[in-house]
Amino acid sequence: MKRDGHTHTEFCPHGTHDDVEEMILKAIELDFDEYSIVEHAPLSSEFMKNTAGNQEAVTTASMSMSDLPYYFKKMNQMKKKYASDLLIHIGFEVDYLIGYEDFTRDFLNEYGPQTDDGVLSLHFLEGQGGFRSIDFTAEDYNEGIVQFYGGFEQAQLVYLEGVKQSIEADLGAFKPRRIGHISLCQKFQQFFGADGRDFSAEVIAEFEAILALVKKRDYELDFNTAGLFKPLCKETYPPKEIVTLARALEIPFVYGSDSHGVADIGRGYNTYCQK
């Protein structure tokens, strides 16, 4: 079965705004059998008040609460319309917001029954002035997180600890069981030179601890190919050495294009097949 487990829609403020139907048609053209639509779930308004840095990173990070009825209506229309061509799953990419677990649990309890797939990801860490984006720009990440923690490796370790917390968090019965792009902290690695590209023994140990938790809980990992196309990353999330460790534990991966437009559909799928 050819499956894409991580795609977005025109409801994403930081995407291309390509219509989801065009993306679905492209997936059908590329012979995908399954297709998961997991739009960025709304963020807590209280969390948003405690953010800093470039506010575009926050205001464009997720769909709004007011869009939820329209999101479900259109995605279910697409699911029905293309049922004979493609098995479409509907859900969210849920942000793990450290300290705001009650909000996330309540959100999932309310909207989870309308979903049949999902991804749990970490996009924000506490940093300079408040919570800061991990993946907006290299400069914003450097100023808000790397310098705040005293170096790229220190920021890696904080990020990986956050991923561990997300796996262990009690978010209720509708918590996603697939962990998104577990090495997103590497998105701007080439901006930081050798400090960004080399994994220390301590960082590898943190990845191993994450994989042990994923295995223990019988979760899946997002094999996210978006990093291949980021000019300061040029690797999958996670990279090959972490994939090798996960395969040794027989942890299942699900290919994720992380598509935000028609041009992204199917990107890097051959890399996934060669993993």
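Residues numbered from 1 in each chain as written. Predicted model: local features only at pLDDT ≥ 70, side-chain atom pairs only at ≥ 80, totals over all residues. Heavy atoms only, no water.

### Section: helix α7 (residues 152-168)
Between the first and last C-alpha of α7 there are 25 Å, a value that for 17 residues agrees with the 24 Å anticipated at 1.5 Å per step. What α7 keeps buried is the set F152, A155, Q156, L157, Y159, L160, G162, V163, K164, S166 and I167. Against β4 (117-121), β5 (124-127), α6 (138-149), β7 (178-179), α8 (194-197) and α9 (201-217) lie the buried residues of α7. (Helix = DSSP H or I, 4+ residues; strand = E, 2+ residues; numbered from the N terminus. Expected span 1.5 Å × (residues − 1). Buried < 20%, exposed > 50% of the residue type's maximum accessible area, 1.4 Å probe, protein only. Contact = heavy atoms within 4.5 Å.)

### Things to note about the side chain of D258
Summarising the element assignment, D258 is placed in the loop between β9 (253-256) and α11 (269-273). Salt bridges are absent for the buried D258, whose nearest opposite-charge side chain, R267, sits at 5.4 Å. (Lys, Arg positive; Asp, Glu negative; His and termini not counted. Salt bridge = Lys/Arg side-chain N within 4 Å of Asp/Glu carboxyl O.)

### Considerations on the packing of aromatic side chains
Overall, the coordinates contain 26 aromatic pairs when judged by the stated rule. Arranged with centres 6.4 Å apart and planes meeting at 25°, the rings of F103 and F107 form a pair that is stacked. With a gap of four residues between them, F103 and F107 both fall in helix α5 (residues 101-111), about one helical turn apart. Classification of F107 by relative accessible area gives buried; the value is 5%. On the basis of an interplanar angle of 45° and a centroid distance of 6.2 Å, the ring pair of Y141 and F188 is categorised as tilted. With Y141 in helix α6 and F188 in the loop between β7 and α8, the pair connects residues that are 47 residues apart, well separated along the chain. Of the two residues, Y141 and F188, neither departs from the other in class, the shared state being buried. (Phe/Tyr/Trp six-rings, centres within 6.5 Å; stacked < 30°, edge-to-face > 60°.)

### Notes on the packing of α9 against helix α10 (residues 240-248)
For the pair α9 and α10, the least separation of the axes is 10 Å and the interaxial angle reads 40°. Of the possible angle classes, the one that applies to α9 and α10 is oblique. You can see that α9 and α10 cross each other, and the crossing is right-handed. Between α9 and α10, the contacting residues are I204, F207, E208 and L211 on the first element and I242, L245 and A246 on the second. The residue inventory of the contact of α9 with α10, partitioned by class, reads six nonpolar, no polar and one charged. (Axes fitted to C-alpha atoms, helices over the stretch in contact; angles between N-to-C directions. Parallel < 35°, antiparallel > 145°, perpendicular 65-115°, else oblique. Left-handed = near helix turned anticlockwise from the far one by under 90°. Nonpolar A, V, L, I, M, F, W, Y, C, P; charged D, E, K, R; others polar.)

### A few points about the side chain of S133
Within the fold, S133 resides in strand β6 (residues 130-133). Within the structure, S133 has its side chain in polar contact with the backbone nitrogen of D135 (distance 3.2 Å). Side-chain polar atoms of S133 contact the backbone nitrogen of F136, separated by 3.3 Å. Those residues within four positions of S133 in sequence are excluded, and the remaining contacts are A57, H123, F124, D140, Y141 and I145. (Polar contact = N/O pair within 3.5 Å; in protein donor to acceptor, adjacent residues only side chain to side chain.)

### Here's the deal with the packing of α7 against α9
For the pair α7 and α9, the least separation of the axes is 10 Å and the interaxial angle reads 10°. In this view, α7 runs roughly parallel relative to α9, as classed from their interaxial angle. Of the residues in α9, those in contact with E153, Q156, L157, L160, E161, V163, K164, I167 and E168 of α7 are E202, V203, E206, F207, A209, I210, L213, V214 and R217. Of the residues assigned to the contact of α7 with α9, the class counts are ten nonpolar, one polar and seven charged.

### Description of unusual backbone geometry
Cis geometry is found at the peptide bond from Y237 to P238, where omega equals 0°. For P238, the position within the fold is in the loop between β8 (220-224) and α10. Within the chain, K234 stands out as a residue other than glycine whose phi angle is a positive 60°. Here K234 shows up in the loop between β8 and α10. The phi dihedral of D258 falls on the positive side, at around 55°, and the residue is not glycine.

### With respect to the pattern of salt bridges
Enumeration over the complete set of coordinates arrives at 16 salt bridges. The residue K74 makes a salt bridge to D19 at a minimum N-O spacing of 2.7 Å. One end of the pair, K74, is in helix α4 (residues 68-81); the other, D19, is in the loop between β1 (3-7) and α1 (20-29), and 55 residues separate them in sequence. Residue D19 is classed as partly exposed on the basis of its relative accessible area of 26%. A salt bridge links E29 to K26, with the shortest nitrogen-to-oxygen separation between them at 3.7 Å. Of this pair, E29 and K26 both sit in helix α1, three residues apart, roughly one helical turn. Overlapping salt bridges bring together R3, E34, D117, R178 and E220 as one network.

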